[in-house]
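Analysis of the macromolecular model
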Amino acid sequence: MNTPSHPSRLCAVAILAAVTCASPSAWADRPGVRSSNRDRDINVNVRRDVDVNVNVNGSRRHRHDRDNGSFWGGLATGLVIGAIISSPPPHQQTVVVKNVTYIVADDVYYQPSGTGFVVVNPPLGVTVATCPPGAVQTVVNGQVYFQAGGIYYRPAMQNGVTVYTTLSL
Amino acid sequence: MNIKSLFAVSLGAALALSSPRVAASATPALNPEADRRLLTACNLLAAAKTFTVRAEVWEDFVSAGHKVSVTRLIDAQVRRPNRLQLEVRSSQDSHGYWYDGKVLTLLDRVNNLYGSTAAPDNLEKLLDAARERFGINFPLEDLLVNDPYASARAGIKESAYFGQEVILGVPCHHLAFSTPVVDWQIWIQDGERPLPRKLVITYKQEETAPQFTAIFSDWKLNSDLPENTFRFEPQPAAAKIEILPVDEVPASVPPQTSSHP
């Protein structure tokens, strides 16, 4: 992945040393005055439902991330598959996909390993805000993908930011 | 009108002024001075064929139990009625927006990925379509619309004028407005060029009542903005990706058991 040096990478290193490094994402768009007024007339829950359903804990970093205690932003993203940490961030959630149990925090998927937790591939079909570090960009049939840990991440823009959906090819 | 009825009208007016309850029920709590100054500023912006402005923006979020202020820098270039170019930068993100009256393109500069979609033919429709179809809130939308006064005025239930304040060395008039959803304040430059210098929006219905604060600088009105300002030209390494509709689950194969449990 052609991502330049990035604060979240530094945070990823930090957490391995058990240093907390809260890093609120900067990409956060509330509506202006104009659209706030229009919100009265439309269902403002539409996007909330989308995020909860699609992203498990919300890969978007916008206003309703407050609801689930996220907004650690780059805290855990950037961890390589196979990295072991003592404990995931406190706002972790447990999800079960196809009978496999995961612990999820900030779109990073963990499973228990010894006394700690190991970073694993996300299940296929979920949408995450970042690719693992070291993901390799590739083009298949004219569509760009990122490949890491034996699976593919298909990028797309959703709600104004890039998200990645996992799949196999 | 005879003397007697004139007296009656005057007395009625005096009573109305001396009684807040009567005044409030007779007309909404709108301050004419605030409204007049808002209109003047909006007229200046609306009459400008083009404008460019830089905004430093702070927005509150709660993270890890802290109410934190996230900083962004926005450079806007607008040509009415249907050209827009925005650059939005922060410590983690860098996004470009191009709108040429036909196509909207978003560029994720960090990952060098961009998406394009057909767009409506004016700024208002663009803002609405981007929001409703793609979940994109344009930063500084209140300045971008072609009729900023009508847009701002629509929801106002109360207003107030708080006199003059100096914002980064510029004498300004401090206005406050209230809608059912947000409270907002604007500081408008005193004198011949009544430009917005500061904007604060308080999202009073949200827990912790977060605020959006913008300081405006480098205003340029009616400068020449060539057509290629608003036309996106991808760099050779940039990859095109899809812009998903707001309610669409990203395309993928059906979820399966992870091959790496």
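Attention here is on the structure that accompanies the text. Model, not experiment: these values are computed from the prediction. (Residues numbered from 1 in each chain as written. Chains lettered and ligands numbered in written order. Predicted model: local features only at pLDDT ≥ 70, side-chain atom pairs only at ≥ 80, totals over all residues. Heavy atoms only, no water.)

1. Focus: the overall build of chain B
We count it as follows: Strands here are runs of E lasting at least two residues and helices are runs of H or I lasting at least four, both read from the DSSP assignment and numbered beginning at the N terminus. Here a residue-residue contact requires only that any non-hydrogen atoms of the pair lie within 4.5 Å.
Helices and strands together make up the secondary structure of chain B, namely six helices and 13 strands. Counting only contacts in chain B whose residues sit at least 6 apart along the sequence, the fraction spanning at least 24 positions is 46%.

2. Overview of the nonpolar core
The tendency in soluble globular proteins is for nonpolar side chains to be buried side by side. The condition is simple: Here, nonpolar core means buried Ala, Val, Leu, Ile, Met, Phe, Trp, Tyr and Cys residues that are tied together by side-chain atoms lying within 4.5 Å of each other. To sort residues, take the accessible area from a 1.4 Å probe on protein chains only and compare it with the maximum for the residue type: under 20% means buried, over 50% means exposed, and anything in between is partly exposed.
Residues B:Leu38, B:Phe51, B:Leu84, B:Phe138, B:Trp184, B:Phe216 and B:Trp219 are the most contacted members of the largest nonpolar core, which totals 76 residues. If sequence neighbours within four positions are ignored, B:Trp184 has contacts with A:Val33, B:Leu38, B:Ala152, B:Ile156, B:Leu175, B:Ala176, B:Phe177, B:Thr179, B:Leu199, B:Val200 and B:Ile201. The next biggest cluster of nonpolar side chains, apart from the first, holds nine residues, and it includes A:Leu79, A:Ile103, A:Val108 and A:Phe117.

3. Here's the deal with the packing of aromatic side chains
Quick reminder of the rule: Here the aromatic set is Phe, Tyr and Trp, taking the six-membered ring for Trp, and pairing holds for ring centres within 6.5 Å; pairs whose planes are under 30 degrees apart are stacked, those over 60 apart are edge-to-face, and all others are tilted. By definition, being over a ring means that NZ of Lys or CZ of Arg is both within 6 Å of the ring centre and within 35 degrees of the ring normal.
Under the definition given, this model contains nine aromatic pairs over all chains. Ring geometry for B:Tyr97 against B:Phe138: centres 5.1 Å apart, planes inclined by 50°, an arrangement best described as tilted. Here B:Tyr97, found in strand E4 (residues 94–99), pairs with B:Phe138, found in the loop between helix H4 (123–134) and helix H5 (141–144); they are 41 residues apart in sequence, far enough to count as distant. As far as the burial class goes, B:Tyr97 and B:Phe138 line up, both buried. Within the aromatic cluster, the residues linked to one another by ring pairs are B:Phe51, B:Phe216 and B:Trp219. Its end group placed over the ring of B:Tyr203, A:Arg30 keeps NZ or CZ at 5.3 Å from the ring centre.

4. Remarks on helix H3 (residues 32–47) of chain B
Residue and element names in this part refer to chain B. Rules: By this rule the span expected of a helix is its residue count minus one, scaled by 1.5 Å. Note: the arc covers the axis-to-C-beta directions of the helix. Two N or O atoms count as a polar contact when they lie within 3.5 Å, although within protein this holds only if one can serve as hydrogen donor and the other as acceptor, and sequence-adjacent residues are included solely when both atoms are side-chain atoms.
Helix length check: H3 (16 residues) gives 22 Å between terminal C-alpha atoms against 22 Å at 1.5 Å per residue, within 8%. Among the residues of H3, Ala34, Arg37, Leu38, Ala41, Cys42 and Leu45 are the ones counted as buried. Looking straight down H3, one finds its buried side chains confined to an arc of 130°; they lie on one side. Away from its buried face by more than 90 degrees, H3 exposes Pro32 and Ala47. The N-capping residue of H3, defined by a side-chain oxygen 2.8 Å from the backbone nitrogen of Glu33, is Asn31.

5. Considerations on the sheet that holds strand E1 (residues 84–85) of chain A
All names here are of chain A. Spelled out, the test is: For two strands to be treated as a pair, DSSP must find at least two bridges joining them.
Ordered in space as E1-E5-E4-E3-E2, the five strands form an open sheet in which the pairing is antiparallel. Pairing within the sheet leaves two strands with one partner each, and these edge strands are E1 and strand E2 (93–97). In this sheet, strand E4 (residues 108–113) lies alongside strand E3 (residues 100–105) in antiparallel orientation, the contact comprising three bridges. Note that in E4 the partner of Val104 across the bridge is Tyr109.

6. Here's the deal with the pattern of salt bridges
Residue and element names in this part refer to chain B. Applied cut-off: Each reported salt bridge corresponds to a side-chain nitrogen of Lys or Arg within 4 Å of a carboxyl oxygen of Asp or Glu.
On inspection of all chains with the given rule, the structure shows 18 salt bridges over all chains. In this structure, Glu33 engages Arg36 in a salt bridge whose closest nitrogen and oxygen atoms are separated by 3.4 Å. Separated by three residues within a single helix, Glu33 and Arg36 lie in helix H3, roughly one turn from each other. Judged by its relative accessible area of 26%, Glu33 falls in the partly exposed class. The salt bridge involving Asp121 is made with Lys125; its shortest N-O contact spans 3.6 Å. Among the residues examined, Asp121 registers a relative accessible area of 46% and is labelled partly exposed. Since its relative accessible area comes to 44%, Lys125 is described here as partly exposed.

7. Structural notes on empty space enclosed by the protein
Rolled over the atoms, a probe sized like a water molecule indicates the empty space that remains. Residue and element names in this part refer to chain B. Short version of the rule: Each cavity reported here is a set of points on a 1 Å grid over the protein atoms alone in which a 1.4 Å probe fits but cannot get out, each pocket an open set with protein on both sides within 12 Å along at least five of seven lines, and each lining residue one with an atom within 4 Å of a point. Grid points are joined across faces, edges and corners, and a volume is the space filled by probe spheres set on the points. Residue classes follow a fixed rule: Ala, Val, Leu, Ile, Met, Phe, Trp, Tyr, Cys and Pro count as nonpolar, while Asp, Glu, Lys and Arg count as charged, and any other residue, Gly among them, counts as polar.
Taken as a whole and assessed by the stated rule, the structure comprises five cavities of 30 Å³ or more. Looking at the lining of the second largest cavity, the elements with two or more residues in it are H3, H5, helix H6 (148–153), strand E9 (183–189) and strand E10 (196–202). When residues in the lining of the second largest cavity are grouped by element, the largest group, four residues, is from H3. Of the residues contributing to the lining of the second largest cavity, the split by class is twelve nonpolar, one polar and one charged.

8. Some remarks on the pairing of E9(B)
Along a regular strand, successive side chains alternate from one face of the sheet to the other. Residues and elements named next belong to chain B. Summarising burial for E9: five of the seven residues are buried, a large majority. Examined bridge by bridge, strand E8 (residues 170–178) and E9 share seven bridges and lie antiparallel to one another. Bridge pairing in E9 places Ala176 opposite Gln185. Linking two consecutive strands that pair antiparallel, namely E8 and E9, is a turn of four residues. Note: E9 against E10, six bridges, orientation antiparallel. The residue of E10 that forms the bridge with Ile186 is Leu199. Hairpin geometry of E9 and E10 is characterised by an intervening segment of six residues between the two adjacent antiparallel strands and by a positive phi of about 100° at Gly191.

The analysis is restricted to geometry; functional conclusions fall outside its scope.
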